[in-house]
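In case you want the letters, here they are:
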Number of protein chains: 2
Amino acid sequence: MSERPLPLDGLLVLDLGQIYQGPYATFLMAQAGANVIKVETKKADPLRRRELVGDGPSLPFALLNSNKRGVTLNLKSERGRELLIAMAKRADVLVENFAPGVLDRLGVGAAVLRTANPRLIYASGTGYGLSGPDRDRLAMDPTVQAAAGVMSITGLADGPPLRSGPAIGDFLGGVHLYGAVVSALYQRERTGQGAVVEVAMQEALYPTLASDLGLFHRAGHQEPRRGNRHGGLAPYNVYPAKTGHVALLCITEQQWQGLMSAMDRPDLAEDPRLATNLERAEHVDLVDEIVEAWARSLDRDEVVRRAQRHGVPSAPVRDLAEVMSDPHMHERGMLQRKRHRDLGEVVLMSSPLRFHGAERRELVEHPRIGEHNREVYGSWLGLDDDEIAELERNGVI
Amino acid sequence: MSERPLPLDGLLVLDLGQIYQGPYATFLMAQAGANVIKVETKKADPLRRRELVGDGPSLPFALLNSNKRGVTLNLKSERGRELLIAMAKRADVLVENFAPGVLDRLGVGAAVLRTANPRLIYASGTGYGLSGPDRDRLAMDPTVQAAAGVMSITGLADGPPLRSGPAIGDFLGGVHLYGAVVSALYQRERTGQGAVVEVAMQEALYPTLASDLGLFHRAGHQEPRRGNRHGGLAPYNVYPAKTGHVALLCITEQQWQGLMSAMDRPDLAEDPRLATNLERAEHVDLVDEIVEAWARSLDRDEVVRRAQRHGVPSAPVRDLAEVMSDPHMHERGMLQRKRHRDLGEVVLMSSPLRFHGAERRELVEHPRIGEHNREVYGSWLGLDDDEIAELERNGVI
C-alpha cells in the first residue's frame, strides 16, 4: 500500500484534560495525526505539578503528552474566557475531564462554545457522567474501580478486595472518549454539525465484568474472589516456576493434551478424573498441584517455551523493566527509546492504534508549561507581541 | 439540540469476532448505529458454544451481541469464501480477531478483501499484533495480562502477582479497535479509500501502567506490589468498615482537612507528623490505622456519606448485584432490564459512548445461531430460496 497521511491529519484539538482520562484521549488523537494544543492553568495539569514544585519531572506526564503543544490560560479571567472561545471557533474538538459543570459555571461550557462554533465536537470525560443521581460524586480511578464492581472480583478469596494495579477506569474512560469523538467527527463529515459526546469511567468499566456477570447469572449469586483462577476451567492460573511466575491455561481438550505432552505425562493425559474441562474444574486443586510441581522444576521462560511449543496458551509474568524493554514492542514501534530534554534517557510510547500504510508520528517530547504561548496566541490567533506581553502581565496566560 | 441519527447510522459491519475483543468493537459499532452482521461458523463463537452444547445460555454472549444479526458461514468451503467476498463488497467494515494469518491462509485475508472492495476497512484485533517476533504467541486475556506487566503491579506485597479480575486486555483491545476503525472511516470520507487497521491487546495495556512506570522511573527499580495503596499518597487505600469496604483517598491538603472534619478529629488535623502528603506517606501505617479505626465504627455507606460530604473522594466497594442494579446507570440508560427470550429476566448493557441529541438504540436480544441466514443471504445478497437451501445442504451456511 502506498504511503498515506494519518487519519486525523489536519484536525485541531483543544486539550483541557487533566491527569489521565482526557489527556489519554487527546494523546491518541495526536498520534493519529491531529494538532493538539494542551491548555493548562499556570498551576498546571496536576500530573505535571510535581515537576513544578521541584519534585522532579514526571514520566507519566511525558508519556501522555508527546506531540502536543502547550499553552497556559486562566479561565477565571474574562479575557481568558474570550481567548478560549476564540480558539474554540477555530478548533475541531475540545476535550475536558473536569468535574461535571465546571466549565458551565465558568461561562464556557458546551452550550456557549457550540454556539460560537456549531462544528465543534465538545467531549466530556467524567467518573459518573453528566446526568443521574451520582453525577457529582468525586471520582478518582480507585474510587470508580470500587463503585464499578472491579474490586469485588479482584484478589484472593481469603483476602481483601483489590484494585486492579493499572488505572483502568481512567484509561478505559480515555479511549472510549477517543472513540466517541472520532464517531462524531465522522458524522460531522456528513452533516456539517458538531456534537456533544461524553463518557463515564464507571460505564466504561462495566463491559469488562462480562465473565463474572455470566458466572453470577449462572449461580444466582457472586462466588468468592478467584485470584488467578477461572470459574469453570482448569488449569487456568498463575504458577510459580523455579524462577518467577507463569500464567498458563487450557481451554480446549487439545490444549490439555498438549500440556500433558509438554510435561511428558502420558499417564495423566488418560486419567479419567481429568478427562474433560468439567472434570478438571471439579479437581482443580489436583490439577493446579500437578501443573505447579512441573512449573517449579523449571525456569519461568523454559515453562513458557515448552507450553507454547505444545500449543498451550502461556506467558511469563513480566515485571516493568522487562515490559519497558520488550524487543517485540520496540520492533513494532509502540515503544521508543528517547533522549528527553528533561527526563534523560526514557522509553516513550506511541499509540496502540495502528494504521497500515501511514507512518507513525515521530515522538516529540511534551511541552514545557506555556511553551507555545507565543506560537499559538501569536501566529495562530493573530495577537501581536504587545498584546501577548499584556496577557502575561495580567496573568491571563 | 434537535434529535439526530446515531453517528454510524447506515454503515454495514461484518463481525467475524470471537469471545470479547472483536465482538466488543462491533458491539460499540452496533450501539453507535451501525448495521452489524455477526458471521459465525456452525460451531459458533466459542462464547456461544456453551449454549449449543446444552450448558445453558450465556449472559456474556448476550451482553456483547445485542442489536446484531447473525449468519452462519463455512470459510473452509470455496462457496463460503465466495459469499464472504460478496458480502465484503457491500460492507464498510470487517472486524476479526483470529490469530494472525488465519484469514490469509484461508484465502480471504485483508489483501483479497480490500482488492474486492477498496473502500473496506479491514480491522484486526490480536494479542501481540500482526508483526514482530511475538506475533504468533497464543494470546488469551490472562496470558496477555501476564506478559504486559499488569500482574506484576496487581496484588499484595507478600502475595502472588494477580490478574485484574475484569478482562482488561480483551476490552481495552476491543475499544481501541473501535477507535481505529472509526478513525479510518473518518479518513475514508475524505479520501474514498478503505484501510487496514490493527490493535494488539498487549499494546493497549501499556498506557494503563503509567503511574507505576513513573514510580519505577523515579526509584530506578520496581517497588513491591502495593495492594490498594499508592506510592506517594496517604490515605489512599481500601478500608474495612463495620459492614463492607470503602475506597478512600486524599490528594490535596484540603481533602485531608475535610477527612479530619468528617472524622471529627481536629487534633489530628493539626498533628505535625501528618501535616503534608509527604509526611503522611512517611507515616502511612499510622494514617491507615487512624482511618481504618474510624471506618470500622460505621457502616460502609455511612463512611462514604460522611467523607463525600466533606469533599473526600470515596466510594463503597460494591458487589456485582449492586452494580447490576445501580439506579444511576439504569437512570442513564447504560443498564436496562430486559425480558430475554432465552435468558429470562436479565440486565443488558448499552454503550459507554454517549452522543447527546441522538437516541440510544433500543436493545434487541442477540441473534440465535444462523437466525438471519435467510434475511441476509436472501434479501440482502439476493440469493433465491433454492440457492439458500443448497447452501444449507452443502454445509456452506
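This is a predicted model, so every value here is computed, not measured.

Caption draft 1: View of empty space enclosed by the protein. Applying the stated criterion across every chain, the model contains 2 cavities of 30 Å³ or more. In this structure, the largest cavity occupies an estimated 70 Å³ of space. The wall of the largest cavity is formed by A:Ile153, A:Asp212, A:Leu215, A:Phe216, A:His221, A:Gln222, A:Glu223, A:Pro224, A:Arg225, A:Arg226 and B:Leu320. As a volume, the second largest cavity reaches approximately 30 Å³. A class-by-class count of the residues in the lining of the second largest cavity yields 6 nonpolar, 1 polar and 1 charged.

Caption draft 2: Here's a closer look at the interface of chain A and chain B. Across the boundary between the two partners, chain A contributes 131 residues, which contact 131 residues of chain B. When chain A packs against chain B, the two sides together hide about 11,400 Å² of surface, and 63% of this comes from carbon and sulfur. Of all residues in chain A, A:Tyr186, A:Tyr206 and A:Leu320 give up the largest surface area on contact with chain B, accounting jointly for 7% of the area buried on that side. In this structure, the salt-bridge partner of B:Glu203 is A:Arg354, at a minimum N-O distance of 3.2 Å. Across the contact surface, chain A and chain B share 51 residue pairs in polar contact (both at pLDDT 80 or more). It is helix α8 (residues 168-191) of chain A that contributes the most residues to the side of chain A that touches chain B, 15 residues altogether. Two elements, strand β6 (residues 195-200) of chain A and strand β12 (residues 354-355) of chain B, share 2 bridges in a ladder whose sense is antiparallel. Across the sheet, the residue bridging to A:Glu198 is B:Arg354, located in β12(B).

Caption draft 3: Spatial organisation of the confidence of the model for chain A. In this model, chain A carries a mean pLDDT of 95, and residues with pLDDT of at least 70 account for 98%. Confidence estimates for the predicted assembly give a pTM of 0.98 and an ipTM of 0.98.

Caption draft 4: Highlighting the relation of the copies chain A and chain B. Superposing chain A onto chain B takes a rotation of 180° combined with a translation of 0.0 Å along the rotation axis, leaving an RMSD of 0.0 Å. In the structure described here, the two chain copies are related by an operation that fits a two-fold rotation axis. Of the interface residues in chain A, 100% have counterparts in chain B that sit at the interface too, so the contact is made through matching surfaces.

Caption draft 5: Summary view of the side chain of A:Ser164. Its place among the elements puts A:Ser164 in the loop between α7 (141-147) and α8. A distance of 3.0 Å separates polar atoms of two side chains, one belonging to A:Ser164 and the other to B:Ser164. With near-sequence residues (within four places) excluded, A:Ser164 lies in contact with A:Gln145, A:Val150, A:Thr154, B:Thr154, B:Ser164 and B:Ile168.

Caption draft 6: Molecular detail of the sheet that holds strand β4 (residues 93-96) of chain B. Taken in spatial order, the 7 strands make up an open sheet running β12(A)-β6(B)-β5(B)-β4(B)-β1(B)-β2(B)-β3(B), and their pairing is mixed. The sheet is open, and its two borders are formed by β12 (354-355) of chain A together with β3 (68-72) of chain B, each paired with just one other strand. As judged from the 4 bridges shared by strand β1 (residues 12-16) of chain B and β4(B), these two strands associate in the parallel manner. When the sheet's bridge partners are listed, B:Val13 is paired in β4(B) with B:Val93. Contacts from helix α4 (residues 78-90) of chain B reach β1, β2 (35-40) and β4 of chain B within the one sheet, and its direction differs from that of β1(B) by about 145°. Lying on the sheet, helix α8 (residues 168-191) of chain B is in contact with β12 of chain A together with β4, β5 (121-126) and β6 (195-200) of chain B; it crosses β6(B) at an angle near 160°.

Caption draft 7: Seen up close, the environment of B:Pro57. Along the chain, the position of B:Pro57 falls in the loop between α2 (46-52) and α3 (59-64). Between the C-alpha atom of B:Pro57 and that of B:Ala146, which follows or precedes it by 89 residues, the distance is 30 Å. B:Pro57 has contacts with A:Arg218, B:Glu51, B:Asp342 and B:Leu343, leaving out every residue within four places of it along the chain.

Caption draft 8: Up close: the pairing of β3(B). All names here are of chain B. A large share of β3 lies buried, amounting to 5 of its 5 residues. The two faces of β3 match: Lys 68, Gly 70 and Thr 72 on one face and Arg 69 and Val 71 on the other face are all buried. Examined bridge by bridge, β2 and β3 share 5 bridges and lie parallel to one another. Paired with Glu 40 across the strands is Thr 72, a residue of β3.

Caption draft 9: Spatial organisation of the packing of aromatic side chains. Residue and element names in this part refer to chain A. This model, assessed by the stated rule, comprises 6 aromatic pairs over all chains. A centroid spacing of 5.0 Å and a plane angle of 65° characterise the contact between Tyr 24 and Phe 171, whose relative ring orientation is edge-to-face. Residue Tyr 24 is found in helix α1 (residues 21-31), and its partner Phe 171 is found in helix α8; the two are separated by 147 residues along the sequence. The class of Tyr 24 is buried, set by a relative accessible area of 1%. In this structure an aromatic cluster arises from ring pairing among Tyr 20, Tyr 24, Phe 27 and Phe 171.

Caption draft 10: How the structure looks around a negative patch on the surface. On the surface, A:Asp384, A:Asp386, A:Glu387 and A:Glu390 cluster together to form a negatively charged patch. Classification of A:Asp386 as exposed rests on a relative accessible area of 61%.

Cut-offs and rules
- Residues numbered from 1 in each chain as written.
- Chains lettered and ligands numbered in written order.
- Predicted model: local features only at pLDDT ≥ 70, side-chain atom pairs only at ≥ 80, totals over all residues.
- Heavy atoms only, no water.
- 1 Å grid on protein atoms, 1.4 Å probe; cavity = no way out; pocket = protein on both sides within 12 Å on 5 of 7 lines; lining within 4 Å.
- Points joined across faces, edges and corners; volume = space filled by probe spheres on them.
- Nonpolar A, V, L, I, M, F, W, Y, C, P; charged D, E, K, R; others polar.
- Contact = heavy atoms within 4.5 Å.
- Buried area = accessible area lost by both parts, 1.4 Å probe.
- Salt bridge = Lys/Arg side-chain N within 4 Å of Asp/Glu carboxyl O.
- Polar contact = N/O pair within 3.5 Å; in protein donor to acceptor, adjacent residues only side chain to side chain.
- Helix = DSSP H or I, 4+ residues; strand = E, 2+ residues; numbered from the N terminus.
- Pairing = 2+ DSSP bridges.
- pLDDT = per-residue confidence, 0-100.
- Least-squares fit on C-alpha atoms with pLDDT ≥ 70 in both.
- Axes fitted to C-alpha atoms, helices over the stretch in contact; angles between N-to-C directions.
- Buried < 20%, exposed > 50% of the residue type's maximum accessible area, 1.4 Å probe, protein only.
- Phe/Tyr/Trp six-rings, centres within 6.5 Å; stacked < 30°, edge-to-face > 60°.
- Patch = residues over 30% accessible without salt bridge, like charges linked within 9 Å, V, L, I, M, F, W, Y side chains within 5 Å.
- Areas by Shrake-Rupley, 256 points an atom, 1.4 Å probe, with all protein chains shown as cover.
- Lys, Arg positive; Asp, Glu negative; His and termini not counted.
- Charge placed at Lys NZ, Arg CZ, Asp CG, Glu CD.

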